[in-house]
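Residue-level listing of the chains:
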Amino acid sequence: MSDLRLQAEDAGDLAVISAALQDAVTKVADLAFLPSTRRFAMVVNRFRWEDKPARHDGGARARAGLHFEHVRSAQARNIAQDRPGGVLSLLAVRFEELNPPSGIVTLVFSGGGELRLEVEALEVHLSDLGPIWETPNVPEHKLD
């Protein structure tokens, strides 16, 4: 097992990062918009989907850092920012190009939470940060 390091500069690249981050969990306190550097950064515990085929019961998680460059603004919807210990489960990361290369990145969380980042250009980095740990809990999505 090796550390994951990915970069995205277009919607296709971002789809790969989104898949790697599906079911990642984070706390509200681990989200940060840094206007002076025009960066949005977050730390997550991501489920290592790339390991799942080799595992029969359970899976693994890894601490990972995700950051977006060239961020003009960040807006949250249905995320209780006054609760820094609140846990969020990431479902998807999407990009809508508006006036190339600028656009809107949307981070979609379970329960209806969203982060909307307006970017001048898409530049995203995902890197595993430390040890990998076993978990008996495999994320599951029941379809209605």
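Please refer to the structure placed before this passage.
Quick caveat, the model's predicted, so the values are computed rather than measured.

(A) Inspection of unusual backbone geometry at higher detail. A cis amide bond, omega 10°, links P100 with the succeeding residue P101. Among the secondary structure elements, P101 is positioned in the loop between β7 (87–97) and β8 (103–109). Even without being a glycine, N78 presents a positive backbone phi close to 60°. With respect to the secondary-structure elements, N78 resides in the loop between β6 (71–77) and β7. For N78, a relative accessible area of 57% puts it in the exposed group.

(B) Local environment of the packing of aromatic side chains. Throughout the structure, instances matching the rule amount to 2 aromatic pairs. A centroid spacing of 6.4 Å and a plane angle of 55° characterise the contact between F40 and F68, whose relative ring orientation is tilted. Within this pair, whereas F40 is found in strand β4 (residues 39–47), its partner F68 is found in strand β5 (residues 59–68), the two being separated by 28 residues in sequence. A relative accessible area of 4% means that F40 is categorised as buried. Among the residues examined, F68 registers a relative accessible area of 1% and is labelled buried.

(C) Molecular detail of the pairing of strand β3 (residues 31–34). When β3 meets β4, the two strands line up antiparallel, connected through 4 bridges. By the bridge assignment, A32 is partnered in β4 with A41. Hairpin remark: β3 followed by β4, antiparallel, with 4 residues in the connecting loop; positive phi at R38, about 55°.

(D) A look at helix α1 (residues 11–21). Considered for burial, the residues of α1 that qualify are L14, I17, S18, A20 and L21. All buried residues of α1 project into a common sector of 160° when viewed along the axis, lining one side. Those residues of α1 that are buried are in contact with β1 (5–8), β4, β5, β7 and β10 (124–135). One side-chain oxygen of the residue at the start of α1 lies 3.1 Å from the amide nitrogen of G12, identifying that residue as D10. Looking at the residues trailing α1, positive phi occurs at D23, about 75°.

(E) Highlighting the side chain of D128. Its place among the elements puts D128 in strand β10. Of the polar contacts made by the side chain of D128, one reaches the side chain of R46; its length is 2.8 Å.

Rules of the game
- Residues numbered from 1 in each chain as written.
- Predicted model: local features only at pLDDT ≥ 70, side-chain atom pairs only at ≥ 80, totals over all residues.
- Heavy atoms only, no water.
- Helix = DSSP H or I, 4+ residues; strand = E, 2+ residues; numbered from the N terminus.
- Buried < 20%, exposed > 50% of the residue type's maximum accessible area, 1.4 Å probe, protein only.
- Phe/Tyr/Trp six-rings, centres within 6.5 Å; stacked < 30°, edge-to-face > 60°.
- Pairing = 2+ DSSP bridges.
- Arc of directions from axis to C-beta.
- Contact = heavy atoms within 4.5 Å.
- Polar contact = N/O pair within 3.5 Å; in protein donor to acceptor, adjacent residues only side chain to side chain.

Any functional reading would require information beyond the geometric quantities listed.
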